[in-house]
Amino acid sequence: MTRGVPFLDLAAQQAEVVEEILPAWRQQLASAAFIGGPEVTRFEQEYADYLGVAHVVGVSNGTDALELAYRAAGVTAGDEVIMPANTFIATAEAVSRIGAVPVFVDVDDEYLLIDPNAIEAAITPRTRVIVPVHLYGQTAPMEHILSIADRHGLTVVEDAA
């Protein structure tokens, strides 16, 4: 007889932290401040302090976070954003929501992360941002990517979701 191995047991994971999170969850339910509110404000300030930056903005999801990062980098309609071809849809969707164009480039054979040589070949006058996506517990070759960005006056937005 074959027994299956559970892929993911959320109940077991939650059981480990339930006593720690229940008081905060009850307080959240009582306040009904599910969007914004004092908890989000406190988190944003504490995280900004931890990072040593002036501002942190909590958003509803990673797609919104990427779109805001692209907009902050000056991406507008018609601009190009270079990213690896094997990324999650949100990396490209956030570009499309601005009216910009995702430009997909190949990945390296060893780690399956964005290939810096493919980045260099894909740069055009409309390119504004390079998005290395860190996957599979691996970090894209940032020194090489930052060097390319510096040479071409481009912004780098790292996608580590």
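Everything discussed here concerns the structure shown above.
Now for a description of the structure that goes with this document. (Residues numbered from 1 in each chain as written. Predicted model: local features only at pLDDT ≥ 70, side-chain atom pairs only at ≥ 80, totals over all residues. Heavy atoms only, no water.)

**Topic: helix α1 (residues 10-31)**
The following threshold applies: Helix and strand definitions follow DSSP, with helices as H or I runs of at least four residues and strands as E runs of at least two, each counted in order from the N terminus. An expected span of 1.5 Å times one less than the residue number is assigned to each helix. Bend at a residue means the angle formed by two fitted axes: the first through the 7 residues ending at that position, the second through the 7 residues beginning there. Nitrogen and oxygen atoms within 3.5 Å of one another constitute a polar contact, given that in protein one can donate a hydrogen and the other can accept it, and given that sequence-neighbouring residues count only through two side-chain atoms.
For α1, spanning 22 residues, the distance from its first C-alpha to its last is only 26 Å, which falls clearly below the expected 32 Å at 1.5 Å a residue. Of all the bends in α1, the greatest, near 70°, is centred on Val 18. For α1, the capping residue at the N-terminal end is Asp 9, with a side-chain oxygen 3.3 Å from the backbone nitrogen of Ala 11. Just downstream of α1 lies Ala 32, where phi reads positive at about 55°.

**Considerations on the sheet that holds strand β2 (residues 101-105)**
Put simply, the rule is: Only strands joined by at least two bridges in the DSSP assignment are considered to pair.
A sheet is described by the order of its strands in space; here 4 strands give the open sequence β2-β1-β3-β4, paired in parallel fashion. Because the sheet does not close on itself, it has two edges, and the strands there are β2 and β4 (155-156). Examined bridge by bridge, strand β1 (residues 80-84) and β2 share 5 bridges and lie parallel to one another. Directly across from Met 83, in β2, lies its bridge partner Phe 104.

**Brief notes about the side chain of Gln 28**
Inclusion rule: Exposed residues in this analysis have more than 50% of their type's maximum accessible area, buried residues have under 20%, and partly exposed residues fall in between, with area computed by a 1.4 Å probe over protein chains only. Only heavy atoms enter the contact rule, under which two residues are in contact if any of them lie within 4.5 Å.
Mapping Gln 28 onto the fold places it in helix α1. For Gln 28, a relative accessible area of 14% corresponds to the buried category. A polar contact is formed between the side chain of Gln 28 and the backbone oxygen of Ala 33, at a distance of 2.5 Å. What Gln 28 contacts, discounting residues up to four positions off in sequence, is Ala 33, Phe 34 and Glu 39.

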